[in-house]
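Listed here are the chains, written in short residue letters.
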Amino acid sequence: MISNGERLLFLPLGGAGEIGMNLNLYGLAGKWIMVDLGISFADDHLPGVDIIMPDPSFIVDRREDLLGLVLTHAHEDHLGAVPFLWPELRCPVFATPFSAAVLRRKLQRDGAAPGISDLDLTEVPLGGNLTLGPFDIEFISLTHSIPEPNALAIRTTLGTVLHTGDWKIDPDPLVGSTTDEEALRRYGDEGVLAMVCDSTNVFRNGESGSEAEVRACLTDLVSQNNSGYVAISGFASNVARIDTVAAAADANGRSVAIAGRSLWRILEAAKETGYIDADRQFLSDREAANLPPEKVLYLCTGSQGEKNAALARIATDSHPHITLGRGDVVIFSSKIIPGNEKAISRLQNLLVYKGVEVVTEADHFVHVSGHPCRDELARMYQWVRPQIAVPVHGEARHLIEHGRLAGELQVPTAVVIENGDMLCLAPGAPKLVDQVPYGRLMADGNALVNVASPVMQARRRLMHNGAAFVTLVVDADNNLVADPAVTAQGLFHPKDFSADGDAGLVAAAAAVRTAFTTFTERSRKDDSVIREAVRQIVVRSLRESRMKRPVVEVQIIRLESRVEPS
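Draft legend 1. View of the overall build of the chain. Secondary structure assignment for the chain yields 17 helices and 32 strands. Dimensions of the chain, computed from C-alpha atoms along their principal axes, come out at roughly 90 × 70 × 45 Å. For the chain, buried positions account for 54% of its 566 residues. Long-range pairs, those at least 24 residues apart, make up 73% of the contacts in the chain between residues at least 6 apart in sequence. When the accessible surface of the chain is split by element, carbon and sulfur atoms take 49% of a total near 24600 Å². Of the charged side chains in the chain, 54 are positive and 72 negative; the average position of the first set lies 6 Å away from that of the second.

Have a look at this one:
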C-alpha cells in the first residue's frame with residue numbers, strides 16, 4: 001500500500017496532459033484532500049457517449065483517509081463529475097456560494113447515482129478559510145469566465161502550495177470582484193513552496209483582455225442590425241457574458257430571450273447569489289416568438305456545435321419557437337474548444353445556407369479568454385515567487401512550454417508531470433516517487449464504464465465494420481437441420497443484393513456448413529466451441545468478400561428430438 005507519510009505529495013489523476021477532467025490530490029501524514037472533480041466531453045471515437053471523467057480508483061481505495069473535496073469554481077471540467085463519482089468517495093464537499101448553487105442544481109438534474117442525496121456540501125465564504133487535517137486552506141479570489149474562481153493557498157508544516165485553478169487578470173470583470181493581488185503578494189512575501197498553475201494560454205503573448213471590451217463590441221454589433229433577429233451564443237456558465245448580452249439588449253431597445261436549459265440553470269444560480277439582478281426579466285423563447293424581430297435578442301446554447309443545443313436545432317429548423325433566415329445575425333461569442341472544429345464548422349455552414357450572417361471572434365472582438373496569457377503568467381510568478389512551478393491544465397506541449405517560461409521567470413525548479421505521476425514536493429528537492437494507475441470513465445446511459453472496456457471496443461468495431469448474425473439449428477444428433485442463416489447490419493449496400501441474396505452472405509453460410517461437417521462429435525456438443533469456430537469462419541469469409549472484420553454473433557438453437565429435413 002502506498003503511504004504518503006511525512007511527505008507533501010501532489011498527484012493529478014486528470015487535467016495534467018489534457019484540458020478538462022481535472023482531479024488533483026494532495027497528500028500529507030497519511031491524509032488526502034481532493035481539489036476539483038471535473039468532466040470532459042467525448043468525441044466521435046466514443047460512439048454513444050457524451051461525458052467522460054477521470055477514474056478515481058486510487059483515492060476510492062483510500063477514501064477513509066480522504067478529508068474532503070474542495071472545488072475551485074463551477075465550470076464543468078472542475079465540478080461536473082461530482083454527481084457521478086461522489087457516491088464512490090462519500091467525503092465532505094466545500095465550495096464558495098456560486099459554485100455551491102450550481103452544484104446543487106446539477107445534483108437535482110444528474111443525481112440518479114444511489115446515495116447522492118447524502119452529499120455533505122459546505123459553503124465557504126469568499127476569502128474564507130478551511131482546515132482539513134494537516135491542510136489549512138485559504139480561498140483567494142481571482143478572475144475568470146465564471147463568478148467566484150478561487151486559488152487555494154494550502155498551508156502545511158512542509159510548506160505552502162498555491163493551487164491557482166483557472167484564472168486570468170481582468171481589471172474590469174463586470175461581474176464579481178477583481179483578482180486579490182494583495183493576498184497573492186502576501187503569500188509571495190511569506191514564501192511559497194510550489195505553485196500548481198493553469199497552462200491553457202501559455203503560447204499566447206500579451207494579455208487575455210477584459211470583459212468590458214467585449215461588452216462595447218457586442219453592443220455596437222447589435223446596433224448595426226436594426227431590422228432582423230440577432231442571436232448570440234456563448235458558454236452558458238459565463239455570467240458576465242449573460243450580463244453583457246442584457247446590457248447590449250437594453251442599449252438597443254431589445255428584450256433578451258433565453259434558449260437553452262443550461263442557461264436557465266446558470267441564471268437561477270446567478271440570481272440566487274446576487275450576480276444577476278433578481279428583478280431582471282428574461283423572456284423564454286416561446287414568449288419572444290410574439291415580438292417583432294427588431295425587439296428580440298436571443299441568447300442561445302450551442303456555440304460548440306452541440307447537436308442537441310438550441311442553436312443546432314435552430315440551424316436544422318427543428319426548434320419549436322425560433323426560425324432564423326436572411327437578414328438575421330448569429331454571433332458566436334466564444335472560442336473554438338480543440339476537438340469541436342468540425343461540429344462548429346458544420347453548424348455555421350448550416351446557418352450560412354439559410355442566409356444568416358455569422359460573426360465569430362475572427363471577425364470582431366466578441367470573446368475574451370478566461371485563461372492567462374504569457375504576460376499574465378509573468379505577473380502571477382512575480383507576485384507569488386514560488387520555489388517550484390508545476391504546470392497543469394494543458395496538453396503536453398502546454399505543460400512543457402509553461403515549464404520553460406517558469407525557468408525564464410527565475411523560478412528555481414519547474415517540474416512537468418502527467419496524470420498518475422506522484423510528485424513529492426517536500427522535504428528535499430521535488431521528485432517523482434511513484435506512478436499510480438489512472439484512466440477514464442464514461443457515462444454510458446445510466447452506467448459508468450471504463451473507456452477501455454470491451455463494450456466500447458465492440459461499439460467502435462460495430463461503427464466501423466458492422467455486424468453479422470449467424471443462426472444454427474442443430475438436432476438431437478448434433479447435425480445441422482438446415483443451412484446456416486447469415487444476416488448482417490451496416491455491412492452491405494442495397495446494390496450488393498440479387499434475387500438470391502448477397503453473394504458474400506451466401507458464401508459465408510456455405511463456409512459454415514462445410515466446416516460444420518468437419519467438426520468432431522465432441523465439438524458439436526459444445527456450444528462455446530461451435531460459436532468461436534463459426535465466428536472465425538464468418539469473419540474470414542466476410543473479410544475476403546467485403547474487406548471488413550464485423551462483429552459476429554452466433555446463435556445456436558438445439559432441438560430436443562430429431563427433425564427430418566424436408
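There is more to say, and it comes next.
Draft legend 2. Fine view of the sheet that holds strand β24 (residues 421–426). With mixed pairing, the eight strands of this open sheet are ordered in space as β9-β8-β7-β4-β3-β1-β24-β25. Every interior strand has two partners, whereas the edge strands, β9 (121–123) and β25 (431–435), have only one. Within this sheet the neighbouring strands show an average axis-to-axis angle of 25°, counted without direction. Taken together, the three bridges between strand β1 (residues 8–14) and β24 define a ladder with antiparallel strand orientation. Residue pairing across strands places F10 opposite L423, the latter belonging to β24. The strands touched by helix α3 (residues 82–89) are β4 (31–37), β7 (66–70) and β8 (93–95); relative to β4, the strand with the most contacts, the crossing angle is about 165°.

Draft legend 3. Structural detail: the environment of S545. Inspection of the secondary structure assignment puts S545 in helix α17 (residues 527–546). Distance from S545 to Q348, taken between C-alpha atoms, is 40 Å for residues 197 residues apart in sequence.

Draft legend 4. Structural detail: the sheet that holds strand β11 (residues 135–141). On the basis of which strands lie adjacent, the open sheet formed by seven strands has the order β10-β11-β12-β13-β14-β21-β23 and mixed pairing. The open sheet has two edge strands with one neighbour each: β10 (129–132) and β23 (413–414). Against the sheet, helix α5 (residues 181–190) contacts β11, β12 (150–156) and β13 (159–163), and its axis sits at roughly 140° relative to β11. Helix-sheet contacts for helix α13 (residues 396–408) involve β14 (194–198), β21 (388–392) and β23, and the interaxial angle to β21 is about 155°.

Draft legend 5. Geometry of the pattern of salt bridges. Taken as a whole and judged by the stated rule, the model has 25 salt bridges. A salt bridge links K106 to E76; its shortest N-O distance comes to 3.2 Å. Here K106 is found in helix α4 (residues 97–110), whereas its partner E76 is found in helix α2 (residues 76–79), with 30 residues between them in sequence. A relative accessible area of 5% places K106 in the buried class.

Draft legend 6. Fine view of the nonpolar core. L25, M34, L37, F58, V82, F98 and I331 are the most contacted members of the largest nonpolar core, which has 73 residues in total. In terms of residue count, helix α7 (residues 239–251) provides more of this core than any other element does, seven residues in total. In this structure I331 touches L218, L221, V230, A231, I232, S233, V359 and V366, once residues within four positions along its chain are discounted.

Draft legend 7. View of helix α11 (residues 341–353). For α11, spanning 13 residues, the distance from its first C-alpha to its last is 18 Å, which sits close to the expected 18 Å at 1.5 Å a residue. Where α11 is concerned, the buried positions are A343, I344, L347, Q348 and L351. The buried residues of α11 occupy an angular sector of 125° when projected down its axis, which confines them to one face. Along α11, exposed side chains directed more than 90 degrees from the buried face belong to K342, R346 and Y353. Looking at the buried side of α11, the elements it contacts are α10 (310–315), β19 (329–332) and β20 (357–359). Downstream of α11 by a residue or two, G355 has a phi angle that is positive, lying close to 95°.

Draft legend 8. Structural context of the packing of α5 against helix α12 (residues 374–384). Two numbers describe how α5 lies on α12: the axes approach to 6 Å, and their chain directions differ by 50°. As far as their axial angle goes, α12 and α5 are oblique. Between α5 and α12, the residues in contact are E181, L184, R185 and G188 and M380, W383 and V384, respectively.

Draft legend 9. Structural view of the pairing of β19. By the alternation rule, side chains of β19 split into V329 and I331 and V330 and F332, which are all buried. The pairing of strand β15 (residues 230–233) with β19 spans four bridges and is classified as parallel. Of the residues in β19, the one forming a bridge with A231 is V330. Crossover β19 to β20 through α11 is right-handed.

Draft legend 10. Up close: the pairing of strand β3 (residues 23–28). Most of β3 is tucked away: six of the six residues are buried. In β3, alternate side chains face the same way, and those of L23, L25 and G27 on one face and N24, Y26 and L28 on the other are all buried. Across five bridges, the pairing between β1 and β3 is antiparallel. In the strand pairing of β3, L11 is matched with L25. Judged from the six bridges that link them, β3 and β4 form a sheet pairing that is antiparallel. Within the sheet, the bridge partner assigned to L25 lies in β4 and is M34. Counting the residues in the hairpin turn of β3 and β4 gives two residues, including A29, whose phi is positive at 55°.

Parameters and conventions
- Residues numbered from 1 in each chain as written.
- Predicted model: local features only at pLDDT ≥ 70, side-chain atom pairs only at ≥ 80, totals over all residues.
- Heavy atoms only, no water.
- Helix = DSSP H or I, 4+ residues; strand = E, 2+ residues; numbered from the N terminus.
- Buried < 20%, exposed > 50% of the residue type's maximum accessible area, 1.4 Å probe, protein only.
- Contact = heavy atoms within 4.5 Å.
- Areas by Shrake-Rupley, 256 points an atom, 1.4 Å probe, with all protein chains shown as cover.
- Lys, Arg positive; Asp, Glu negative; His and termini not counted.
- Charge placed at Lys NZ, Arg CZ, Asp CG, Glu CD.
- Pairing = 2+ DSSP bridges.
- Axes fitted to C-alpha atoms, helices over the stretch in contact; angles between N-to-C directions.
- Salt bridge = Lys/Arg side-chain N within 4 Å of Asp/Glu carboxyl O.
- Core = buried A, V, L, I, M, F, W, Y, C linked by side-chain atoms within 4.5 Å.
- Expected span 1.5 Å × (residues − 1).
- Arc of directions from axis to C-beta.
- Parallel < 35°, antiparallel > 145°, perpendicular 65-115°, else oblique.
- Right-handed = clockwise from strand over helix to strand, strands pointing away.

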